[in-house]
Amino acid sequence: FFLSAAPAPITMSDVPAIDEDLQSRQMAVYGREAMQNLKRANVLISGLNGLGAEVAKNVILANVNSVTLHDACAAAPADLGSHFYLSAADVGRNRAEACVQLMQELNPSVRVAALSGTFPTQRLAEWNVVVAIDMAEADAVKLDALCRAASPPIAFLRADVRGLCGSVFVDLGPEFVCVDPTGEAVKSAIVERVDVAGTSASGETKLTIQCVDDEPLDLDDGDHISFSEVCGMTGLNGAGALPVSDVSKGKKRFSVTVPAAQQLGGEYTRGGIVTESRQPKRLSFRPLSDFLALPGELAEADESKMAPAAVAFEEEFLTV
């Protein structure tokens, strides 16, 4: 959620401090902006069974601002088989209170607190992410509605595990801006040639771009690219993100349309690099109540990859 969310306008005083030595590997994967988004997150995790403990561990290690652990249940002997932060001495204690100290030791820079008793509905404004683990369906529907009604909406996630099967539901609100829809590495390629294909009546210039054959560029119509290091037609270097069209079968040749107000600066002579320019995408999430009523089509699994494991499990089950 926070890795792809569009950040709100902020001032330098609002930028959270990040220990780059401690978080260097994570920053290399996520990037600075995503790490700053994570550091602004205040997360409530309700339901500290084995799955809840795993979620809490990963969220705390991700270096968010704070994590609140909530549970209304006492630890039972059955919890010891899946909850790696409980011991036999914790049986009978509230599960959140029993593991909060060990959870805090995972990352001292994250504030970790515990809550027991009923769900803290009146305090929802304290968090911007709520994770519900093993919550009754009716309660989850009500909680999701409250999170959607908040301003701004609170991200709601529901997760459950039933033996070998699990489920996850995500509701990031009626309007969520994703700045990186694919999450893949941004690709670039060296320009081999630029030709002017024509000029429209409104003054827009259509260019045909040819990239070198061995570059790993994989564009589709509707994608956007930007130029740099172009010689001759230097106006392309400051043209910003331009839409791509007429992508060839080999995807090394395509067209871009340059606005009339953009001066090209002359004829193309040599050089240039094209780089993907990811465009934000607005996503609308459905509430849990709607999803339960109309879940939509289920994706089919590739059973050919599951068959060997499924047969092995079947044999084991038959011998028990």
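So, a few notes on the structure that sits alongside this text.

Scoring rules and cut-offs
- Residues numbered from 1 in each chain as written.
- Predicted model: local features only at pLDDT ≥ 70, side-chain atom pairs only at ≥ 80, totals over all residues.
- Heavy atoms only, no water.
- Helix = DSSP H or I, 4+ residues; strand = E, 2+ residues; numbered from the N terminus.
- Buried < 20%, exposed > 50% of the residue type's maximum accessible area, 1.4 Å probe, protein only.
- Contact = heavy atoms within 4.5 Å.
- Areas by Shrake-Rupley, 256 points an atom, 1.4 Å probe, with all protein chains shown as cover.
- Phe/Tyr/Trp six-rings, centres within 6.5 Å; stacked < 30°, edge-to-face > 60°.
- Salt bridge = Lys/Arg side-chain N within 4 Å of Asp/Glu carboxyl O.
- Pairing = 2+ DSSP bridges.
- Axes fitted to C-alpha atoms, helices over the stretch in contact; angles between N-to-C directions.
- Polar contact = N/O pair within 3.5 Å; in protein donor to acceptor, adjacent residues only side chain to side chain.

**Some words on the overall build of the protein chain**
Each helix and strand counted, the protein chain has 7 helices and 14 strands in total. Out of the 320 residues belonging to the protein chain, those deemed buried represent 36%. A separation of at least 24 residues holds for 65% of the contacts in the protein chain among residues at least 6 apart in sequence. With an accessible surface of roughly 18,300 Å², the protein chain has 55% of that area assigned to carbon and sulfur atoms.

**A few points about the packing of aromatic side chains**
Given two aromatic rings, one states the distance between the centres and the angle between the planes to describe the pair. Counted according to the given criterion, the structure contains 4 aromatic pairs. Centroid distance Phe176 to Phe285: 6.2 Å. Interplanar angle 75 degrees. Geometry classified as edge-to-face. Within this pair, whereas Phe176 is found in strand 7 (residues 176-178), its partner Phe285 is found in the loop between strand 14 (281-283) and helix 6 (288-293), the two being separated by 109 residues in sequence. A residue is classified by how much of its surface remains accessible, and Phe176, at 7% relative accessible area, is buried. Taken together, the aromatic side chains of Phe156, Phe169 and Phe291 make up a single cluster linked through ring pairs.

**A closer look at the pattern of salt bridges**
The tally for this structure, following the rule as stated, stands at 12 salt bridges. The shortest N-O distance in the salt bridge between Asp160 and Arg158 comes to 3.5 Å. We classify Arg158 as buried; its relative accessible area is 14%. Ionic pairing is found between Arg278 and Glu276, a salt bridge with its closest N-O pair at 3.6 Å. A relative accessible area of 22% means that Arg278 is categorised as partly exposed. For Glu276, a relative accessible area of 17% translates into the label buried. A single network of salt bridges, built from pairs that share partners, joins Asp71, Asp79 and Arg95.

**Some thoughts on the sheet that holds strand 6 (residues 165-171)**
The strand order across the open sheet built from 6 strands is 3-2-1-4-5-6, with neighbouring strands paired in mixed fashion. Strands with a single pairing partner mark the edges of an open sheet, and in this sheet they are strand 3 (111-116) and strand 6. With direction set aside, neighbouring strand axes in the sheet form an average angle of 15 degrees. Across 6 bridges, strand 2 (residues 66-71) lies against strand 3 in parallel orientation. When the bridges of strand 3 are listed, Ser66 appears paired with Arg111. With respect to the sheet, helix 3 (residues 50-61) is in contact with strand 1 (42-46), strand 2, strand 3, strand 4 (129-133) and strand 5 (155-162), its orientation differing from that of strand 1 by roughly 170 degrees. Contacts between helix 5 (residues 137-149) and the sheet are confined to strand 4, strand 5 and strand 6, with strand 5 contributing the most and set at about 160 degrees to the helix.

**Side note on the side chain of Asp160**
Considering the arrangement of structural elements, one finds Asp160 in strand 5. Within polar-contact distance, the side chain of Asp160 engages the backbone nitrogen of Asp134 at 2.9 Å.

All quantities given are derived from atomic positions and should not be read as evidence of function.
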